[in-house]
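Geometric and topological summary
These are the residues of each chain, in order.
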Amino acid sequence: RMDIPKDEIPISIATIPVQTIVEQGSNDLVSALRNASGVSAYLWYGVYEYYTIRGFNIQDVQLADGMRLQGNRLNTQINNIESVEILKGPASVNYGGGALAGAINLIRKKPQPTPLYDFNFTAGRFQNYRLGTGLTGALFGSSKLQYRLDTQFADIEGWRGAGARRFNVTPALVWQPTSRDRITIHQAFNADRYDGDPGIPLAALDLPNAPLNRNFRTPSDFQRFRDSLTQVQYN
């Protein structure tokens, strides 16, 4: 978390900037990590994230602004992310026993004193719709108090009906009482529902013209996820 040029750091760090994420239309961490060499990421059951870095399978090693997040992550959305850093090599064990070959650090967008407003809408295959907003500026006209608010809603039908409906809100507040002190409060709230895909029964594959796009899940086969995360940092 120190301001040191990367060529002076004795470890390997790959960075995926926000420009690349925006140009590719990505909104999940797995898609963004495809831009990093030596890293393989995938979703199990369409929900849970797993990573392979330099041949080692790792999980539960995700950081937000250098602070480790506990628990397995569920298809992380990155609409409030400025860049994604991948720490490669044995130095990653500083972040726990599960970080055998690497760790993933999410650099979040920070509140700014200059007002900025953005709006985005995306539509794609399999009835994929996504709507997001981002707001930042100074509160009450004071540069000592700055805010940022990012929101996003996604509704995806998905291949074989294994879609998802996702909503997240990530407000942030920065207070600088003096030129040497800064307090940052980050809040993240996610409300997601995923439709499962148990696969195709072997018996159905033996049938002539078996429809590969049919989903055999039961009505109770879904995942509902609620997550609230609050972080307070003092510099």
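Okay, so let's go over this structure. Values in this document were obtained by computation on a predicted structure and should not be read as measured data. (Residues numbered from 1 in each chain as written. Predicted model: local features only at pLDDT ≥ 70, side-chain atom pairs only at ≥ 80, totals over all residues. Heavy atoms only, no water.)

Moving on, we get to the pattern of salt bridges. A full pass over the atoms with the stated rule returns nine salt bridges. A salt bridge links Arg 166 to Asp 192; the nearest nitrogen and oxygen atoms lie 3.2 Å apart. Here Arg 166, found in strand β12 (residues 164–178), pairs with Asp 192, found in strand β13 (residues 181–195); they are 26 residues apart in sequence, far enough to count as distant. Since its relative accessible area comes to 6%, Arg 166 is described here as buried. (Salt bridge = Lys/Arg side-chain N within 4 Å of Asp/Glu carboxyl O. Helix = DSSP H or I, 4+ residues; strand = E, 2+ residues; numbered from the N terminus. Buried < 20%, exposed > 50% of the residue type's maximum accessible area, 1.4 Å probe, protein only.)

This part takes up the sheet that holds strand β5 (residues 62–64). In space, the five strands of this open sheet follow the order β1-β7-β8-β5-β6, with mixed pairing throughout. Looking at which strands have only one partner, the edges of the open sheet turn out to be β1 (12–17) and β6 (67–69). Each neighbouring strand pair of the sheet contributes to a mean axis angle of 30 degrees, computed without reference to strand direction. The sheet contact formed by β5 and strand β8 (residues 102–108) spans three bridges and is parallel. Its bridge partner being in β8, Ala 64 is matched across the sheet by Leu 106. (Pairing = 2+ DSSP bridges. Axes fitted to C-alpha atoms, helices over the stretch in contact; angles between N-to-C directions.)

Moving on: the packing of aromatic side chains. Following the criterion strictly, the structure yields two aromatic pairs and no others. Summarising the aromatic geometry, the rings of Tyr 42 and Tyr 50 are spaced 5.7 Å apart at their centres and angled 15 degrees between planes, so their arrangement reads as stacked. What makes Tyr 42 partly exposed here is its relative accessible area of 38%. Sitting above the plane of the Phe 222 ring, Arg 193 keeps its charged end 4.0 Å from the centroid. (Phe/Tyr/Trp six-rings, centres within 6.5 Å; stacked < 30°, edge-to-face > 60°. Lys NZ or Arg CZ within 6 Å of the ring centre and 35° of its normal.)

Positive phi outside glycine occurs at Arg 54, with the angle close to 55 degrees. You can see Arg 54 is positioned in the loop between β3 (48–53) and β4 (56–58). For Arg 54, a relative accessible area of 47% corresponds to the partly exposed category. A positive phi angle, close to 65 degrees, is found at Arg 160, a residue other than glycine. Position of Arg 160 relative to the elements: it lies in the loop between β11 (145–156) and β12. Under the relative-accessibility criterion, Arg 160 is labelled buried at 10%.

Attention now goes to the nonpolar core. Counting 19 residues, the largest nonpolar core has Ile 16, Leu 29, Leu 33, Tyr 51, Val 84, Ile 86 and Ile 104 as the members making the most contacts within it. Listed by contribution, the elements that provide at least two residues to this core are β1, α2 (29–32), β2 (39–44), β3, β7 (81–88) and β8. Setting aside anything within four residues of it in sequence, one finds Ile 16 in contact with Ile 21, Ala 32, Leu 33, Asn 35, Ala 36, Ser 83, Val 84 and Ile 86. Ranked by size, the runner-up nonpolar core spans six residues in total, among them Val 47, Leu 74, Ala 164 and Phe 225. (Core = buried A, V, L, I, M, F, W, Y, C linked by side-chain atoms within 4.5 Å. Contact = heavy atoms within 4.5 Å.)

Next up on the list: the environment of Thr 52. Within the secondary structure layout, Thr 52 lies in strand β3. With 14 residues separating them in the primary sequence, Thr 52 and Gly 38 have C-alpha atoms 8.0 Å apart. Not counting residues up to four positions away in its chain, the partners in contact with Thr 52 are Gly 38, Val 39, Ser 40 and Asn 57.

Turning our eyes to something else, we now look at a nonpolar patch on the surface. A surface patch of nonpolar side chains, about 460 Å² in accessible area, is lined by Phe 119, Phe 121, Tyr 129 and Leu 131. Of all the elements in the fold, those that place two or more residues in the nonpolar patch are β9 (116–124) and β10 (128–138). Among the secondary structure elements, Phe 119 is positioned in strand β9. Assessed through its relative accessible area of 60%, Phe 119 is described here as exposed. (Patch = residues over 30% accessible without salt bridge, like charges linked within 9 Å, V, L, I, M, F, W, Y side chains within 5 Å. Areas by Shrake-Rupley, 256 points an atom, 1.4 Å probe, with all protein chains shown as cover.)

The next point concerns the side chain of Asp 195. Mapping Asp 195 onto the fold places it in strand β13. Residue Asp 195 is classed as buried on the basis of its relative accessible area of 11%. Polar contacts involving the side chain of Asp 195 include one to the side chain of Arg 165, which spans 3.0 Å. Sequence-distant contacts of Asp 195, defined by excluding residues within four places in its chain, comprise Gly 161, Ala 162, Gly 163, Arg 165, Arg 217, Asp 221 and Phe 222. (Polar contact = N/O pair within 3.5 Å; in protein donor to acceptor, adjacent residues only side chain to side chain.)

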